[in-house]
Amino acid sequence: MEALCSLSSSNVSKNILKLSSNRGRCPLKKINNVIYCQSSSGNNAVKASKLSAVVTERTSTISTDNSSNDLRFSPNGNGIGIIKFLRGKTFLITGATGFLGKVLIEKILRTVPDVNKIFVLIKADNKEVAMHRLKNEVLNADIFKNLKQVHGKSYYTFMLSKLVPVVGNVSETHLGLDKDLTNVIAKEVDVIVNSAANTTFDERQVNRSVTKKSYMKHYREITVCFILLPTAYVNGQRQGRIMEKPFCSGDSITKETLSAGVHKNSFSSLNVEDEIKLILESKQAIEDNIVSQKMKELGLERANKFGWQDTYVFTKAMGELMIDKMRSDVPVVIIRPSVIESTYREPFSGWMEGNRMMDPIILHYGKGQLTGFLVDPNGVLDVVPADMVVNATLAAIAKHGAAGKPGSNVYQVASSVVNPLVFKDLATLLFDHFNSSPYIDSKGRPIHVPRMKLFSSREELSFHLWRDAINKSGLTDTADPNGKLSRKLENICRKSVEQAKYLAHIYEPYTFYGGRFDNSNTQRLMECMSKEEIRQFGFDVENIDWKDYISNVHIPGLRKHVMKGRGLSSSSS
Ligand SMILES: NC(=O)c1ccc[n+]([C@@H]2O[C@H](COP(=O)([O-])OP(=O)(O)OC[C@H]3O[C@@H](n4cnc5c(N)ncnc54)[C@H](OP(=O)(O)O)[C@@H]3O)[C@@H](O)[C@H]2O)c1
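Residues numbered from 1 in each chain as written. Predicted model: local features only at pLDDT ≥ 70, side-chain atom pairs only at ≥ 80, totals over all residues.

A. Structural context of the overall build of the protein chain. Of regular secondary structure, the protein chain possesses 21 helices and 15 strands. The buried share of the protein chain, reckoned over its 573 residues, is 50%. In the protein chain, once contacts between residues fewer than 6 apart in sequence are set aside, the share between residues at least 24 apart is 86%. (Helix = DSSP H or I, 4+ residues; strand = E, 2+ residues; numbered from the N terminus. Buried ≥ 20, exposed ≤ 12 C-beta atoms within 10 Å, placed from the backbone. Contact = placed C-beta atoms within 7 Å.)

Pasting the structure below:
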């Protein structure tokens, strides 16, 4: 899965929003095109489509009021006008060297080649390095192969006429941009898409908060923005069906769950400024060599206190809180994808990058290294293909960009309510896949994997892992008459058991997740689109055939693009 962004979400949001609240000072842009887009995620399955039935036991604990999402935008059936809106627009995109950023850029340049320009903010020491990263990590990525075919020899010329690398860092003052560039961007950019994040669940909460105030000061001149801060599971420990509702000042999950009365009133509200202050003060009081570890611990403690499972989702929520506080009359779009996996269809199916979320489990299992996992068999893994996330994002940009109405518009691009992928069914799909197309070991032999055992207690899992490791070691006879393992055997097994337990620990909040993400707004967004737009920009999560997607699209994509064909038999490579 993706990772944890420290305070980057809240920093960037605050930064860019501040500028919008002072929009009146800049005469250069009209309000109409101003949008923010932030992405995160939502929660409980209702319908089981293709696989097991999953019943939602709890009704929503979250308000269903979504008045900000006015869907009367397209009454005449002509659609949203996605291409029309995007034509000639100038973007600033962060996170372009990442997985989702590439899918987004590819889609824009393929479907709207007459977009004006895309500034891509890249971490680099200087312009040359930024250009080098753009060419190497973005333009040369496999996902652009269709565009390469279309443009042939002019591919690089075309791409570099549209993509302008700029040196920056969303954790720094001014997003790390130099002043001249900031002014240029303030004048020229219509849409800012923030896809940058540190996607580690337990990242420390440090550094990225340091420059928050100065962001605000400098960015007030930018007038036309669109932030994308995609986050999954930002709804933290909410339970049941979770609606697409923005976080508002003072919100916290813990507060929602406290019963009304004295406890609720005495529980301190989540205040982002206070959190930043706490981090900075704590950091100063800690010795350098243990800052990183202590900040991780503090981040987790604060996240748990307010009802989030880790700092990744906690800081994503703080980003939303900042947006709510500072958005003024800027239209903000918050896209909340759940777990983003390989492309469903476009530009071709199965493209992905990095070993993310469920993929380490899939790969360890396929290689025969992981035969059991800690997971609720009837729980749901909320997955969405990357191209559907990008399509929904572009549709929402066009809809709210054209309307230009102030407000936060939340879209959960998620499957757990409309088309849940149930863990025990996923386990069956993995078993079937790896038995029909097994991994090939270093000696050229197929690895036959057993059905994955799903455990609901850590003790049972631990016991299973030990037994499995001992069996695999072939050293069972080294146990003494009392059944105790020899030190040699214990050492051999310990490593693999510890690794599996670590994975189980990190994933536990997600493999037992009690929320399900409603996506009514996202579905209605698609209803605003014309037939042709649905064909080109559709995101019909409800009708994904998981068996086909997992077996024929995602795992083959993973093996091809992430494993680079390692472990494939010669006939399937
Ligand atoms: N993948 C998922 O399952 C998933 C699900 C829901 C939401 N999301 C969200 O979607 C967004 C994109 O995810 P992804 O999977 O594409 O992530 P990714 O592949 O890890 O890419 C992250 C991108 O952010 C950039 N970045 C990180 N820190 C930065 C900084 N301080 N300044 C500038 N750029 C920085 C990285 O640049 P470098 O190359 O320089 O490191 C990279 O381009 C993130 O906001 C993520 O939280 C992801």
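B. Up close: the environment of Asn391. Topologically, Asn391 is positioned in helix 15 (residues 386-403). Asn391 gets classed as buried once you count the C-beta atoms within 10 Å, which come to 30. Put simply, Asn391 and Glu346 are 45 residues apart on the chain and 9.9 Å apart in space, counted from C-alpha to C-alpha. In this structure, Asn391 is in contact with Phe537, Gly538 and Phe539, ignoring residues within four places of it in sequence.

C. Representation of the environment of Val164 in the model. Take Val164: it is sitting in strand 4 (residues 163-167). By the C-beta count within 10 Å, which is 20 here, Val164 ends up buried. Distance in space between the C-alpha atoms of Val164 and Phe91 is 10.0 Å, their sequence separation being 73 residues. Setting aside its immediate chain neighbours within four residues, Val164 contacts Lys117, Ile118, Phe119 and Val120.

D. Inspection of the sheet that holds strand 2 (residues 90-94) at higher detail. What the four strands build is an open sheet, ordered 4-3-2-5; its pairing is parallel. Across the chains shown, the open sheet's two edge strands, defined by having one partner strand only, are strand 4 and strand 5 (191-194). In this sheet, neighbouring strand axes are inclined to one another by 20° on average, regardless of whether the strands run parallel or antiparallel. When strand 2 meets strand 3 (residues 117-122), the two strands line up parallel, connected through five bridges. Of the residues in strand 3, the one forming a bridge with Phe91 is Ile118. Helix 3 (residues 99-111) rests against strand 2, strand 3 and strand 5 of the sheet, and its axis sits at about 160° to strand 2. Those strands touched by helix 4 (residues 127-139) are strand 3 and strand 4, and its axis lies near 135° from that of strand 4. (Pairing = 2+ DSSP bridges. Axes fitted to C-alpha atoms, helices over the stretch in contact; angles between N-to-C directions.)

E. Here's a closer look at the packing of helix 3 against helix 15. It is the contact of helix 3 with helix 15, at a shortest axis distance of 9 Å, that shows an interaxial angle of 60°. By the angle between their directions, the pair helix 3 and helix 15 is classed as oblique. For the pair helix 3 and helix 15, the crossing hand works out as right-handed. Residues Phe99, Leu100, Val103, Leu104 and Lys107 of helix 3 lie in contact with helix 15, whose contacting residues are Ala386, Asp387, Val389, Val390, Thr393 and Leu394. Among the residues making up the contact of helix 3 with helix 15, the classes are represented as eight nonpolar, one polar and two charged. (Parallel < 35°, antiparallel > 145°, perpendicular 65-115°, else oblique. Left-handed = near helix turned anticlockwise from the far one by under 90°. Nonpolar A, V, L, I, M, F, W, Y, C, P; charged D, E, K, R; others polar.)

F. Just the pairing of strand 5, in detail. Of the two faces of strand 5, the one carrying Val191 and Val193 and the one carrying Ile192 and Asn194 are both buried. Two strands pair when backbone bridges link them, and strand 2 and strand 5 are joined in this way by four bridges, in the parallel orientation. Among the inter-strand pairings, Ile93 is bridged to a residue of strand 5, identified as Val193.

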